[in-house]
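So the chains spell out like this:
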Amino acid sequence: RLVPHGERGMRDLGEQVERLLAARESADRLGVPLVINARTDSLVLGGTVDDAVRRGLAYLDAGADCVFVLGIRNLPAVRLFVDAFEGRVNVLARPDMPSLPELAEAGVCRISFGPGLMGLAYAALGRAASQLLSRGTYPPDLAKRPPVT
């Protein structure tokens, strides 16, 4: 995936393939059920679709279960990668992305929410703080508690 902290870019494809092969081999040898979701940042770093496909196919050949292609934004691009990787595609859910049913229909095998869920929590906290500061009333969600197990 990415190069060491502080540097920009991606690892050399051969080096990344070696790392994925080692991870798959170790998991298999130890009997650990491991899902390898191999990420390529080709698109967001200015690379081509062809480069993202080339890297993703190499990752799958090395034992990855799916490929996380950061930077996919629309349904035609989703379908292109679904076709290229035989459905073994992970996408990042965002408000500007196709809906969950559309992604499922297109054949995406995994949908990540990344930091988006934390953003939802921060937004709810901001709304509650504004409500408390402006009106002094308690937001109904203040009564929510985690289930006791």
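Structure: see above.
Per chain, residue numbering runs from 1 following the sequence as it is written. Predicted model: local features are reported for residues with pLDDT of at least 70 only, side-chain atom pairs are reported and counted for 80 or more only, and whole-chain, interface and lining totals are derived from all residues. For the side-chain quantities, the full set of heavy atoms in the structure was used; hydrogens and water were omitted.

This part covers the overall build of the protein. Numbering of helices and strands starts at the N terminus; helices are DSSP runs of H or I of at least 4 residues and strands are runs of E of at least 2. A tally of regular secondary structure across the protein gives 5 helices and 4 strands. Taken from N to C terminus, the helices and strands of the protein fall in the order α-β-α-β-α-β-α-β-α. As defined in this context, the radius of gyration uses C-alpha atoms, and a globule is described by 2.2 Å times the residue total to the power 0.38. Scaling as 2.2 N^0.38, a compact globule of 149 residues should have a C-alpha radius of gyration of about 15 Å, whereas the protein reaches 20 Å, well beyond that. C-alpha atoms of the protein, sized along the principal axes, occupy 60 × 40 × 35 Å. Within the protein, the proportion of its 149 residues that are buried is 32%. Contact between two residues is taken to exist if any of their heavy atoms lie within 4.5 Å; hydrogens are not considered. Partitioning the intrachain contacts of the protein with sequence separation of at least 6 by distance along the chain shows that 50% fall at a separation of at least 24. A 1.4 Å probe rolled over the protein chains alone gives each residue an accessible area, and that area as a share of the maximum for its type sets the label: buried under 20%, exposed over 50%, partly exposed in between.

To continue, consider the pattern of salt bridges. The salt bridge definition used is simple: a Lys or Arg side-chain nitrogen within 4 Å of an Asp or Glu carboxyl oxygen. Going through the model one piece at a time under the given rule, you end up with 10 salt bridges. For Asp51, the salt bridge is made with Arg54, and the minimal N-O distance between the two is 2.5 Å. Taken as a pair, Asp51 and Arg54 lie in helix H2 (residues 49–61) at a separation of 3 residues, close to a single helical turn. The buried category is assigned to Asp51, whose relative accessible area is 18%. One connected set of salt bridges, linked through shared partners, spans Arg24, Asp28 and Asp65.

On to the pairing of strand S2 (residues 66–69), then. The alternating pattern of S2 places Cys66 and Phe68 and Val67 and Val69 on opposite faces, both of which are buried. A crossover gets the label right-handed when its path from the first strand over the helix to the second runs clockwise, viewed with the strands pointing away from the viewer. Note on the crossover from strand S1 (residues 37–40) through H2 to S2: the handedness is right-handed. Looking at chain direction, S2 and strand S3 (residues 89–92) are connected through 2 bridges and run parallel. The residue of S3 that forms the bridge with Val67 is Val89. For the crossover from S2 across helix H3 (residues 75–84) to S3, the handedness is right-handed. At least two DSSP bridges between two strands are needed for those strands to be called paired.

The next subject is the environment of Phe85. Mapped onto the elements, Phe85 comes out in the loop between H3 and S3. For Phe85, a relative accessible area of 0% puts it in the buried group. Expressed as a C-alpha distance, the spacing of Phe85 and Gly107, which sit 22 residues apart in the sequence, is 10 Å. When neighbours within four sequence positions are excluded, Phe85 is seen to be in contact with Ala52, Val53, Gly56, Leu57, Leu60, Val67 and Val69.

Now for the sheet that holds S3. Strand pairing in a sheet takes place through backbone hydrogen bonds and is either antiparallel or parallel in direction. Pairing is parallel across the open sheet formed by 4 strands, whose spatial order is S1-S2-S3-S4. Each edge of the sheet is formed by a strand with only one pairing partner; in this case those strands are S1 and strand S4 (110–112). In this sheet, adjacent strand axes meet at a mean angle of 30° when their direction is disregarded. With axes taken as lines fitted to C-alpha atoms, and helix axes fitted only over the stretch in contact, angles between N-to-C directions fall between 0 and 180 degrees.

Let us now look at the packing of aromatic side chains. Only centres within 6.5 Å qualify two rings of Phe, Tyr or Trp (six-membered ring in Trp) as a pair; their planes then separate them into stacked at under 30 degrees, edge-to-face at over 60, and tilted for everything else. Applying the stated criterion across every chain, the model contains 1 aromatic pair. Look at Phe81 and Phe85: their rings are 5.8 Å apart centre to centre, the planes differ by 40°, and that puts the pair in the tilted class. For Phe81, a relative accessible area of 2% corresponds to the buried category.

The subject of this paragraph is the pairing of S3. Of the two faces of S3, the one lined by Val89 and Val91 and the one lined by Asn90 and Leu92 are each fully buried. Sheet topology places S3 next to S4; 3 bridges connect them, and they run parallel. For Val91, the partnering residue across the bridge sits in S4 and is Ile111.

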